[in-house]
Amino acid sequence: MTEFLNVEIRAGEPVTIGERTITPFAQSIQVTLPGLNGGFIWNRPVSVLVQSDDGQEEVLPITDVTRLAQVNLIGMSLGVIALIWLVSRIKRKK
Amino acid sequence: MTEGKDLTQEQEQDDSVNMIQETMDTFLSAANVEAVYGEPVEKDDVVIIPSAEVVSLAGFGVGTGYGINEEGENGEKQVGGGGGGGGGGRVLSRPVAVIIASPDGVRVEPVVDPTKIALALFTTIGFMFGMIARMKRK
């Protein structure tokens with residue numbers, strides 16, 4: 001059977017467009033529960049490698065703006081709640 | 001006689017395990033780059049490669065059971081058996097960005113989902129107000 005947790009970054013098939021070759025990269029997180037028949041796979045794009053014919057290489061990261069906004073909102077709310085809790089606790093002590 | 005039926009039971013269990021293994025292998029084969037990046041679309045000198053986040057969940061189970069009645073009507077052993085299985089899964093996909101290759105260069109354009117951001121915002125605001133109200137009650 002497979003491992004419990006497997007994190008990999010894999011390269012896809014390069015695509016040649018004119019003078020450039022684009023190689024996509026994706027991250028795969030696989031969770032298979034031992035003893036239970038089931039699992040979870042999360043694939044997401046990570047970056048692309050752009051190679052020119054003159055030898056130049058550039059890595060372009062792929063940012064998930066939507067996910068970033070969601071995480072920031074949740075983080076902000078938890079931070080505000082923690083701050084309010086702390087302030088109220090300090091006031092009670094006084 | 002009993003040995004023959006035990007072998008059949010073992011064989012069926014092996015078949016079930018093999019089926020589970022094959023299904024899990026098929027499920028795990030979804031963890032590849034082709035699932036994330038789509039086919040390039042060409043228009044004039046511009047090529048667009050879409051990318052998406054793909055989440056796959058699957059779970060299933062198989063069971064078999066046998067019972068042996070030592071004495072039947074004619075004093076013979078009676079064997080009864082049964083089996084069953086079930087499973088489920090879901091695949092979720094969401095666009096993340098598009099890679100645009102043109103004669104001017106290659107760039108990555110993110111795909112922004114305002115609906116999801118708005119939902120997260122309202123959930124966050126509701127959660128904050130709820131927690132603040134709860135803290136004030138105490």
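Here is what the cut-offs are and how they apply
- Residues numbered from 1 in each chain as written.
- Chains lettered and ligands numbered in written order.
- Predicted model: local features only at pLDDT ≥ 70, side-chain atom pairs only at ≥ 80, totals over all residues.
- Heavy atoms only, no water.
- Helix = DSSP H or I, 4+ residues; strand = E, 2+ residues; numbered from the N terminus.
- Rg over C-alpha atoms; globule rule 2.2 N^0.38 Å.
- Expected span 1.5 Å × (residues − 1).
- Buried < 20%, exposed > 50% of the residue type's maximum accessible area, 1.4 Å probe, protein only.
- Contact = heavy atoms within 4.5 Å.
- Buried area = accessible area lost by both parts, 1.4 Å probe.
- Salt bridge = Lys/Arg side-chain N within 4 Å of Asp/Glu carboxyl O.
- Polar contact = N/O pair within 3.5 Å; in protein donor to acceptor, adjacent residues only side chain to side chain.
- Pairing = 2+ DSSP bridges.
- Core = buried A, V, L, I, M, F, W, Y, C linked by side-chain atoms within 4.5 Å.
- Domains from an automatic or database assignment.
- Axes fitted to C-alpha atoms, helices over the stretch in contact; angles between N-to-C directions.
- Parallel < 35°, antiparallel > 145°, perpendicular 65-115°, else oblique.
- Nonpolar A, V, L, I, M, F, W, Y, C, P; charged D, E, K, R; others polar.
- pLDDT = per-residue confidence, 0-100.
- 1 Å grid on protein atoms, 1.4 Å probe; cavity = no way out; pocket = protein on both sides within 12 Å on 5 of 7 lines; lining within 4 Å.
- Points joined across faces, edges and corners; volume = space filled by probe spheres on them.

1. Regarding the overall build of chain A
Then, in step 1: The helix and strand tally for chain A stands at one helix and five strands.
Then, in step 2: Each helix and strand of chain A, ordered N terminal to C terminal, gives the series β-β-β-β-β-α.
Then, in step 3: A compact globule built from 94 residues should have a C-alpha radius of gyration of about 12 Å, whereas chain A, at 22 Å, is more than 25% larger.
Then, in step 4: If you line up chain A on its principal axes, its C-alpha atoms span 70 × 45 × 20 Å.

2. Quick notes on helix 1 (residues 65-93) of chain A
Then, in step 1: Helix length check: helix 1 of chain A, at 29 residues, gives a terminal C-alpha distance of 42 Å against a target of 42 Å (1.5 Å per residue), a fit within 8%.
Then, in step 2: Turning to helix 1 of chain A, its buried residues number three or more, namely Thr66(A), Gln70(A), Leu73(A), Ser77(A) and Ile81(A).
Then, in step 3: The secondary structure elements touched by the buried residues of helix 1 of chain A are strand 3 (78-102) and helix 2 (114-137) of chain B.

3. Considerations on the interface of chain A and chain B
Interface size is often expressed as the accessible area that is lost when the parts come together.
Then, in step 1: In this complex, chain A contributes 47 residues to the contact, which on the side of chain B involves 53 residues.
Then, in step 2: Across the interface of chain A and chain B, roughly 3900 Å² is buried in total on both sides, 71% from carbon and sulfur atoms.
Then, in step 3: The largest contributions to the chain A side of the interface with chain B come from Asn37(A), Ile41(A) and Asn43(A), which together make up 16% of the buried area.
Then, in step 4: With a shortest N-O distance of 2.6 Å, Arg67(A) and Glu53(B) are connected by a salt bridge.
Then, in step 5: The interface formed by chain A and chain B holds eleven residue pairs in polar contact (both at pLDDT 80 or more) in total.
Then, in step 6: Those elements that place two or more of their residues in the side of chain A that touches chain B are strand 1 (5-11), strand 2 (15-17), strand 3 (20-32), strand 4 (38-52), strand 5 (57-61) and helix 1 of chain A.
Then, in step 7: Residue contributions to the side of chain A that touches chain B peak at 13 residues, all from helix 1 of chain A.
Then, in step 8: In this structure, strand 4 of chain A lies alongside strand 2 (residues 46-69) of chain B, joined through six bridges in antiparallel fashion. Its bridge partner lying in strand 2 of chain B, Gly39(A) is registered against Ala58(B).

4. Remarks on the nonpolar core
Then, in step 1: Within the largest apolar cluster, 17 residues are counted, with the highest numbers of intra-cluster contacts made by Ile22(A), Val48(A), Ile62(A), Tyr37(B), Ile99(B) and Val106(B).
Then, in step 2: For this core, the element with the most residues is strand 3 of chain B, which contributes four residues.
Then, in step 3: Contacts of Val106(B), omitting those with residues within four sequence positions, involve Arg20(A), Ile22(A), Val50(A), Leu60(A), Ile99(B), Ile100(B) and Ala101(B).

5. Observations concerning the domain arrangement of chain A
Then, in step 1: Annotation of chain A at the domain level lists domain 1 (1-62) and domain 2 (63-94).
Then, in step 2: Distance between the C-alpha centres of domain 1 of chain A and domain 2 of chain A: 33 Å.

6. Description of the packing of helix 1 of chain A against helix 2 of chain B
Then, in step 1: Interhelical geometry of helix 1 of chain A versus helix 2 of chain B gives an angle of 10 degrees and a closest axis separation of 9 Å. Compared by their axis directions, helix 1 of chain A and helix 2 of chain B come out roughly parallel. Facing Thr66(A), Ala69(A), Gln70(A), Leu73(A), Ile74(A), Ser77(A), Leu78(A), Val80(A), Ile81(A), Ile84(A) and Trp85(A) of helix 1 of chain A, the residues of helix 2 of chain B in contact are Lys116(B), Ile117(B), Ala120(B), Leu121(B), Thr124(B), Phe127(B), Met128(B), Met131(B), Ile132(B) and Met135(B).
Then, in step 2: Tallied by class, residues from the contact of helix 1 of chain A with helix 2 of chain B come to 16 nonpolar, four polar and one charged.

7. So, the confidence of the model for chain A
Then, in step 1: Chain-level pLDDT for chain A is 88 on average; 97% of the residues reach the 70-or-more range.
Then, in step 2: Of all the helices and strands in chain A, strand 2 of chain A carries the lowest mean pLDDT, 89, while strand 5 of chain A carries the highest, 95.

8. Observations concerning the layout of surface pockets
Then, in step 1: The calculated volume of the largest pocket comes to roughly 200 Å³.
Then, in step 2: Lining of the largest pocket is provided by Gly12(A), Glu13(A), Val15(A), Pro24(A), Val33(B), Glu34(B), Tyr37(B), Gly38(B), Glu39(B), Pro40(B) and Ile49(B).
Then, in step 3: Across the lining of the largest pocket, the residue classes break down as six nonpolar, two polar and three charged.

9. A word on unusual backbone geometry
Residue and element names in this part refer to chain B.
Then, in step 1: If you check the backbone angles, Asp-44 has positive phi at about 55 degrees while not being a glycine.
Then, in step 2: Inspection of the secondary structure puts Asp-44 in the loop between strand 1 (41-43) and strand 2.
Then, in step 3: The class for Asp-44 is exposed, based on a relative accessible area of 69%.

10. What about the pattern of salt bridges?
Then, in step 1: All chains considered together, the criterion is met by five salt bridges over all chains.
Then, in step 2: A network of salt bridges, in which partner residues are shared, links Asp64(A), Arg67(A), Glu53(B) and Arg94(B).

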